[in-house]
Structures are given as C-alpha cells and as structure tokens.
Amino acid sequence: MHSILIVEDNWETQLLIASILKENGYQTFLIDDGRKVISKFNSCKPDIILLDIQLPGEDGISILKKLKEIDQNVIIIMISGTRGTKNIVETIKLGAYDYVRKPFDQDELLLTIERALKTQELNQQVNDLKRKLHFKKNNIVIGNSPQIRRILNQVDLIAPTNMSVIIQGDSGTGKEVFANLIYKKSLRENRPFIALDCGAIPDTLVESELFGHEKGAFTGAISSKAGKFEEANGGTLLLDEITNMPILGQAKLLRVLEEKQTTRIGGRNARKVDFRVIATSNKDFLFEISQGNFREDLYHRLNEFQISLPSLSERKDDIPLFAQEFLNNAKSRYNKKISGFNSEAMKIFLDYHWPGNVREMKNVINRAVVTTDSNVIQAQQLSIQRQDDLPINEFHPQIDKSNSLKTMLKKYETDIIQNTIEMTNGNKTKAAKILDVNIRTLHRKMK
Ligand SMILES: Nc1ncnc2c1ncn2[C@@H]1O[C@H](COP(=O)(O)OP(=O)(O)O)[C@@H](O)[C@H]1O
Ligand SMILES: [Mg+2]
C-alpha cells in the first residue's frame, strides 16, 4: 500500500483529501502545522507528500526546500489556494512534482497521484538499470585487502602484454572474475573473449571443440563449424579449469600454442591463429604433474605469469565489502528493503572458514535475502555450518602409557588427518587448507 502525508491546515480540506485517498486504497498521515513536517516525514517515510503552500508555523515553500535537501527524490505535490499562481511556479522550480488547486477535483487529485507514483517507479527502474550497467561496464572486482590490492597491481602490469597467465585458486575464489578483468584491461578488449570449460568437454569431442570441423568430416558433421582456437583468433582464450583437460587435449593444445596454427577436422588448410591464453585451475599444477595428470611442457608454456588467489578466509578484510555488495545486488534483484546485517551475523561472516569461498558467501547472502522478512539480516537466517559445529573439535587424544610421545603424536596426527578428510568429503585440497599444510605434505603424510 502506498502512503501519503497530507500537510494542510484547513481541517475540512484535510479530512476530504484523507477520505478520498483512503477510499482509493492509500494509507494517509495528517499534519496541520508546518513545523511538524520534517519529523513526521522522517518517522513515516511516505511515498508522496501533499503540501499546502500557505501554512501556519512555517510556509510550504520553505518546507519544500528542506524536504528536497533531505531527500532529492521525494515526490511532493503542492496544494494551492485560488490566489498564488506565482508561488506555484516557484515551487515547481524548486523541485515540486506538480500541484493541485483548491477547490480541487477528486479525479484530478487521484490522477496526479497515480502519475507521480508511476514516475517514481520509473525513476527507480532507471536507477537500477544504471547501476547494473555500471557494474557490467566496470566489471567491479571487489577487494581492498593487501593481497587483492597486490594482485590488482599485477593485473595492471600484465594485462596490456601478451603474456600467458595462469590463475590458480580454490573453487569460488574468483578465478573467472580475474581472468575477465585481465581481458577487459588488455589491448584485446574489443576482440573476442572465448571461454572453454576444459572439464566439461567429453573426450570424444575434444578435437572437434578445439579445432572445429568441415562438413562431412565424420558422421554427424552436417555443417562445418569453427573450433575454439579459431573463434578466439585475435582475442583471448580462457582455458577454465585446465587441469581437468584430458591428456590428449593437452597435447593438441600445446601444438597449437607452439605452431600458432590450427586445422579443422577434415580440413585441408591450416589457419593462422593468434590469441592470448589465460588458464585457471583449482588444483596444484606441480602435484598434478607429479601424478602424471598434467603435461609439464604445457605448464611451462602457459606459466609466463602466475596469479595465485588467496582463499576468502585468508583475506578477511574483504568480507564486509563482499557482504555489502552482495546484499545490494540481491536487494535489487529480489526487490527487498533490507538495511544490513546485525552484528552477530557479521561476526559469523568473519569467523566462518568459507570452504566455498566468495561463491559460497554470495549464495549464503542471496538465500538470506530471499528468506528474510525483517529489515536486518539476523544470524539465524544464515544457512552456514559454523566451524565449531564441525566434528574436528571433538578430539580427545588417548593417553597410552606403553607408548612414546612420538608414537602418540603420530597416532593423533593420523586421526586428525582422517577426520578432516572425512569432514571435507574426501576433498584433499580443502583438507590441506583447513589443516594449513601444503597439499603435497598432506599427500606424503597420508601415505
Ligand atoms: N573479487 C571479486 N569481486 C566480485 N565478485 C567476486 C569476486 N571474486 C569472486 N566473485 C564472485 O564469486 C563467484 C565465484 O567467482 P568465480 O570467478 O566464478 O570463481 P572461480 O572461477 O574461482 O570458481 C562469482 O559469482 C563471482 O562474481
Ligand atoms: Mg571457475
């Protein structure tokens, strides 16, 4: 329901307006003294103000000026007596939306109010769109922690070069965000940006995806199709989660990078291609190489520059920034009026270890915004599992007199590692992070 504040000293007019508005489904607040307007406005936050020009206490024009100072977008419709046309012009200049003249016509009053509400709605939409556009255009990368500031500096340095870049970081740390930022800041900004999800291509389709094919090259090739290398020509190719690429694909990729040319399956001529490569991975390249899952030569070819994104729990300074930005986005997406988080919720944000990193935080906030009915997001509305709920803290070392300290410690260590790996559902990278050990150390200890 829309609410309207009526400021009018003639009680007959006041009651008449109020009854018309109520009948038409508006909520009304009444005031007859100019000096009370500001405090009433602040307490009831009406959608529209109907403001008499001549009032006792303080006149309409001076109140109008004050209201506009408090809120530039507030919609004010002036009520004017029969005389005073000159004043009306002045109020419009000062930002009043429109006016109605006494004695007024019921339909005219309602129409003016409807139009005003419509304008207000449109203004809001325009503002939302502008904000979204701004976000897209500037590709806002949030972060003011020393780690992120350092990475942003590195990005500024390498973006305009043609260097191949590896972005390493756990899932949800923003690898794609940074890959995109490098592209946006590069000299290839107006050329194609082609992303290839390396884990998502089935083995049988790798070649056709990467190289494309000519019509009739194989059964099912009903038309010719350009491959990703060709599409990326002149631009940037993002090889997302490259350690998930099958070994066969890795060999082919390396050849293209070295020869700078590509041939469609079933095609006769090689095409020259030139693209910049950005490769991401949530795995440890050296470990993958040691396991025979990733080609060392390809790694060295890609590794002209490396960016390593810290997990969210390693850059707590950024947590309040993310919280604010994700809240703002979710608010406008789901049309909610929420002013912020209570301090307990913020404390959970800062204490939680965020195994899913920034992506998890975004999801948690989206869910909280959708499900909350209150003005402020409370701790109970956050659907996250707190670290102190996790089984890792329920540890009691067994003291066994027949054993040396060393044996007991070893046993204790084994238990901790086993429990942590169970807790992370077998994700060793996460387990290593929680235990704060290198993944290679973890693997060694597991053996
Ligand atoms: N620094 C950042 N600023 C703004 N949004 C971010 C940032 N880092 C991550 N995000 C958001 O978090 C989510 C996960 O980021 P993404 O780049 O897909 O992570 P990754 O590829 O490392 O798994 C996305 O919704 C992304 O918009
Ligand atoms: Mg990703």
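As for the sheet that holds strand E3 (residues 48–52)
Consideration 1: With parallel pairing, the five strands of this open sheet are ordered in space as E2-E1-E3-E4-E5. The outermost strands of the open sheet, each flanked by one partner alone, are strand E2 (27–31) and strand E5 (98–101). Taking each pair of neighbouring strands and ignoring which way they run, the sheet shows an average axis angle of 20 degrees.
Consideration 2: In the sheet, strand E4 (residues 75–80) pairs with E5 via four bridges, with the strands oriented parallel. Bridge pairing in E5 links isoleucine 77 to aspartate 98.
Consideration 3: Sheet strands touched by helix H1 (residues 11–23): strand E1 (3–7), E2 and E3. Its angle to E2, the strand with the most contacts, is close to 170 degrees.
Consideration 4: The sheet strands contacting helix H3 (residues 60–70) are E3 and E4, and the helix crosses E3 at an angle near 155 degrees.

Things to note about H1
Three or four residues apart is the spacing at which side chains of an α-helix point the same way, because the helix has 3.6 residues per turn.
Consideration 1: Its 13 residues place the ends of H1 18 Å apart at the C-alpha level, agreeing with the 18 Å of an ideal helix rising 1.5 Å per residue.
Consideration 2: Within H1, burial applies to Gln14, Ile17 and Leu21. Projected down its long axis, H1 shows its buried positions confined to an angular sector of 70 degrees, all on one face. Residues of H1 that are exposed and point more than 90 degrees away from the buried face comprise Trp11, Glu12, Ser19, Lys22 and Glu23.

Considerations on the confidence of the model for the protein chain
The predicted structure's coordinates, where accompanied by low pLDDT, should not be read in detail.
Consideration 1: Scored by pLDDT, the protein chain comes out at a mean of 88, with 93% of its residues at no less than 70.
Consideration 2: Low pLDDT (under 50) marks residues 387–395, which in the prediction has 12 contacts with non-local residues, meaning those over four places away or in another chain.

Quick notes on the site of ligand 1
Consideration 1: Around ligand 1 lies a shell of 14 residues, among which Ile142, Gly174, Lys175, Glu176 and Val358 are the nearest.
Consideration 2: Of all elements in the fold, only helix H7 (175–184) and helix H15 (357–371) reach the threshold of two or more residues within the shell around ligand 1.
Consideration 3: Within the shell around ligand 1, the residues separate by chemical class into four nonpolar, six polar and four charged.
Consideration 4: Built from parts of two domains, the shell around ligand 1 gets at least three residues from each of domain 2 (161–310) and domain 3 (316–383).

Observations concerning the sheet that holds strand E7 (residues 193–197)
Consideration 1: Strand order in the open sheet formed by five strands is E7-E10-E13-E6-E14, and the pairing between neighbours is parallel. Two strands bound the open sheet, and with one partner strand each, they are E7 and strand E14 (305–308). With strand direction ignored, the average angle separating the axes of adjacent strands in the sheet is 15 degrees.
Consideration 2: Here strand E10 (residues 236–240) runs beside strand E13 (residues 276–281); their pairing, made up of four bridges, is parallel. For leucine 239, the partnering residue across the bridge sits in E13 and is alanine 279.
Consideration 3: Against the sheet, H7 contacts strand E6 (165–168), E7, E10, E13 and E14, and its axis sits at roughly 165 degrees relative to E13.

Considerations on the pairing of E10
Consideration 1: Within E10, five of the five residues are buried, leaving the element largely enclosed by the surrounding structure.
Consideration 2: Side chains of E10 alternate between two faces, with Thr236, Leu238 and Asp240 and Leu237 and Leu239 buried alike.

Some details on the domain arrangement of the protein chain
Consideration 1: Domain boundaries assigned for the protein chain yield domain 1 (3–134), domain 2 (161–310), domain 3 (316–383) and domain 4 (391–446).
Consideration 2: A straight line from the C-alpha centre of domain 2 to that of domain 3 covers 35 Å.
Consideration 3: Between domain 2 and domain 3, the contact holds five residues from the first and five residues from the second.
Consideration 4: In terms of residue class, the side of domain 2 that touches domain 3 is built from no nonpolar, four polar and one charged.

Quick look at the environment of phenylalanine 287
Consideration 1: Here phenylalanine 287 lies in helix H11 (residues 285–290).
Consideration 2: The sequence separation of phenylalanine 287 and asparagine 153 amounts to 134 residues, and the corresponding C-alpha distance is 28 Å.
Consideration 3: When neighbours within four sequence positions are excluded, phenylalanine 287 is seen to be in contact with Ile439 and Arg440.

Concerning the nonpolar core
If you look at soluble globular proteins, the nonpolar side chains tend to sit buried side by side.
Consideration 1: Of all hydrophobic cores here, the largest spans 36 residues; its most connected members are Ile167, Leu239 and Ile278.
Consideration 2: Take this core: its biggest share by element is four residues, from H7.
Consideration 3: Look past the residues within four positions of isoleucine 278 in its chain and what remains in contact with it is Val165, Ile167, Ala179, Ile182, Thr236 and Leu238.
Consideration 4: One finds Val7, Ile48, Leu51 and Ile53 within the second-largest nonpolar core, a separate group that totals 27 residues.

Overview of the environment of asparagine 419
Consideration 1: Its location among the elements puts asparagine 419 in helix H16 (residues 405–423).
Consideration 2: Asparagine 419 gets classed as partly exposed once you count the C-beta atoms within 10 Å, which come to 16.
Consideration 3: Each C-alpha atom of the pair asparagine 419 and alanine 431 lies 9.3 Å from the other, and the pair is 12 residues apart in sequence.

Each value, and the rule that gives it
Residues numbered from 1 in each chain as written. Chains lettered and ligands numbered in written order. Predicted model: local features only at pLDDT ≥ 70, side-chain atom pairs only at ≥ 80, totals over all residues. Pairing = 2+ DSSP bridges. Helix = DSSP H or I, 4+ residues; strand = E, 2+ residues; numbered from the N terminus. Axes fitted to C-alpha atoms, helices over the stretch in contact; angles between N-to-C directions. Contact = placed C-beta atoms within 7 Å. Expected span 1.5 Å × (residues − 1). Buried ≥ 20, exposed ≤ 12 C-beta atoms within 10 Å, placed from the backbone. Arc of directions from axis to C-beta. pLDDT = per-residue confidence, 0-100. Near = placed C-beta within 6 Å. Nonpolar A, V, L, I, M, F, W, Y, C, P; charged D, E, K, R; others polar. Domains from an automatic or database assignment. Core = buried A, V, L, I, M, F, W, Y, C linked by C-beta atoms within 7 Å.

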